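Observations on chain architecture
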Amino acid sequence: NQLRLSISLIAVLAIFESGCAARRSRDAQPRRPASHWTLIALDIVLISWTSILTANAQSAFFLFYSLPLLYSAEYLRSPAILITFLCCGAASLVTQYLISGAAGFVQYPLYVVREAFYAGIIGTAALFVRINRIQRQTILQKDLEINVVFSLQRKLQQAFDESTVIATTLEHIATASGASS
């Protein structure tokens, strides 16, 4: 029963984070760093608690630690991503200890494999996020350049129209002064 409640809380938190991400993509102002850390800490605590409730040290529930890692790769800078990685690793280690106890805690290879998995996830996510940001910056730069060109074209057209009006006016003046002489 507690396990179902914990899984439900993780699902609610994931939906909340998705909604925040969608809202943030529409809003111009970025979220404050403290709120990022609150969500990451809440994720880690809920995932750890649920892992403990499974009472199985070799459960695949550790995969949920990838959620705060992916979140930090998307919204935080490199030092903060490293801190999130270390926090997830420490939480995973403490969870292993609480599940297995001191006697059964000699599962070092399992812990190393999990940490390598976390490192792979965070590295891949951070790489894709960086590539995506570079592509967005390139698109914005090209859009700015196109707007400058079109703005210049409009100004040239406006100057041409004004010069045409001036030339026509001068012709009328010249014609009127030629007719009056």
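Anything mentioned here points back to the structure above.
Here goes a summary of the coordinates provided. (Residues numbered from 1 in each chain as written. Predicted model: local features only at pLDDT ≥ 70, side-chain atom pairs only at ≥ 80, totals over all residues. Heavy atoms only, no water.)

1. Notes on the overall build of the chain
So the rule is basically this: Counting from the N terminus, the helices are the DSSP runs of H or I reaching at least four residues and the strands are the DSSP runs of E reaching at least two. Each residue is placed in one exposure class: buried if its accessible area under a 1.4 Å probe, protein chains only, is under 20% of its type's maximum, exposed if it is over 50%, and partly exposed if it falls in between. Whether two residues are in contact is decided by their heavy atoms: any pair within 4.5 Å suffices. Computed with a 1.4 Å probe, the accessible areas rest on the Shrake-Rupley method; for each residue, only the protein chains presented here act as cover.
Counting secondary structure elements, the chain contains five helices and zero strands. When the elements of the chain are put in sequence order from the N terminus, they spell out α-α-α-α-α. Split into buried and exposed, the 181 residues of the chain put 27% on the buried side. Counted over contacts in the chain with a minimum sequence separation of 6, partners at least 24 positions apart contribute 72%. Only carbon and sulfur atoms are counted for the fraction: they give 68% of the accessible area of the chain, which is about 12200 Å².

2. Here we look at empty space enclosed by the protein
Selection criterion: Using a grid of 1 Å spacing that covers the protein atoms alone, one calls a set of points a cavity when a 1.4 Å probe fits there but cannot get out, and a pocket when the set is open and has protein on both sides within 12 Å along at least five of seven lines; lining residues are those with an atom within 4 Å of a point. Grid points are joined across faces, edges and corners, and a volume is the space filled by probe spheres set on the points. In this classification, the charged set is Asp, Glu, Lys and Arg, the nonpolar set is Ala, Val, Leu, Ile, Met, Phe, Trp, Tyr, Cys and Pro, and all remaining amino acids, among them Gly, are polar.
The final tally for this structure, using the stated rule, is one cavity of 30 Å³ or more. Ser51, Phe62, Thr95, Gln96 and Arg114 are the residues nearest the centre of the largest cavity, which is lined by 13 residues in total. Counting residues per element, the ones that place at least two in the lining of the largest cavity are helix H2 (33-54) and helix H4 (78-100). Top element by residues in the lining of the largest cavity is H4. It accounts for four residues. For the lining of the largest cavity, the per-class residue count stands at five nonpolar, seven polar and one charged.

3. Observations regarding the nonpolar core
Rule in force here: The term nonpolar core refers to a set of buried residues drawn from Ala, Val, Leu, Ile, Met, Phe, Trp, Tyr and Cys, joined through side-chain atoms within 4.5 Å.
Formed by 20 residues in total, the largest nonpolar core has its most connected members in Ile44, Tyr65, Leu69 and Tyr118. Elements supplying a minimum of two residues to this core: helix H1 (2-26), H2, helix H3 (66-75), H4 and helix H5 (108-180). Not counting residues up to four positions away in its chain, the partners in contact with Tyr65 are Ile44, Ile47, Ser48, Ser51, Cys88, Ala91, Ser92, Thr95 and Tyr118.

4. So, the packing of H3 against H4
We apply this condition: Here an angle of 0 to 180 degrees is reported between the N-to-C directions of two axes, which are lines fitted to C-alpha atoms, with helices fitted over the stretch in contact. Just so you know how the angles are binned, under 35 degrees is roughly parallel, over 145 roughly antiparallel, 65 to 115 roughly perpendicular, and the rest oblique.
Running from N to C, H3 and H4 point in directions that differ by 175 degrees, and their axes come no closer than 9 Å. When the axes of H3 and H4 are compared, the pair comes out roughly antiparallel. From H3, Pro68, Leu69, Ser72 and Ala73 reach across to H4, where they touch Ile81, Thr84, Phe85 and Cys88. Residues of the contact of H3 with H4, tallied by class, amount to six nonpolar, two polar and no charged.

5. Quick word on H4
So the rule is basically this: Multiply 1.5 Å by the residue count of a helix minus one, and that product is the helix's expected span.
The terminal C-alpha atoms of H4 lie 33 Å apart, and with 23 residues this matches the ideal 33 Å at 1.5 Å per residue to within 8%. Among the residues of H4, those classed as buried are Ala80, Ile81, Thr84, Phe85, Cys88, Gly89, Ala91, Ser92, Thr95 and Gln96. Following H4 by one or two positions, Gly101 adopts a phi angle in the positive range, close to 80 degrees.

6. Some words on a nonpolar patch on the surface
Our working definition: Think of a patch as exposed residues, more than 30% relative accessible area, with no salt bridge, where like charges cluster within 9 Å and nonpolar side chains (Val, Leu, Ile, Met, Phe, Trp, Tyr) cluster within 5 Å. When a carboxyl oxygen of Asp or Glu lies within 4 Å of a side-chain nitrogen of Lys or Arg, that pair is called a salt bridge.
A contiguous nonpolar patch, built from Val94, Tyr97 and Leu98 and spanning about 290 Å² of accessible area, is present on the exposed surface. Mapped onto the secondary structure, Tyr97 falls in helix H4. Residue class for Tyr97 comes out partly exposed when judged on its relative accessible area of 40%.

7. Here's the deal with the side chain of Thr95
Test applied: We call two N or O atoms a polar contact when they sit within 3.5 Å, provided that within protein one can donate a hydrogen and the other can accept it, with sequence-adjacent residues counted only if both atoms are side-chain atoms.
The topology assignment puts Thr95 in helix H4. Judged by relative accessible area, which is 5%, Thr95 ranks as buried. A polar atom in the side chain of Thr95 sits 3.2 Å from the side chain of Tyr65. Not counting residues within four places of it along the chain, the set of residues in contact with Thr95 comprises Ser48, Ser51, Ile52 and Tyr65.

8. Focus: the state of the cysteines
Put plainly, two cysteines are in a disulfide when a covalent bond ties their sulfur atoms together. Selection criterion: Cysteine sulfur atoms are paired as a disulfide whenever they fall within 2.5 Å.
Evaluation of the coordinates by the stated rule reveals zero disulfides. Residue Cys88 stays outside any disulfide, its sulfur separated by 7.1 Å from that of Cys87, the closest cysteine.

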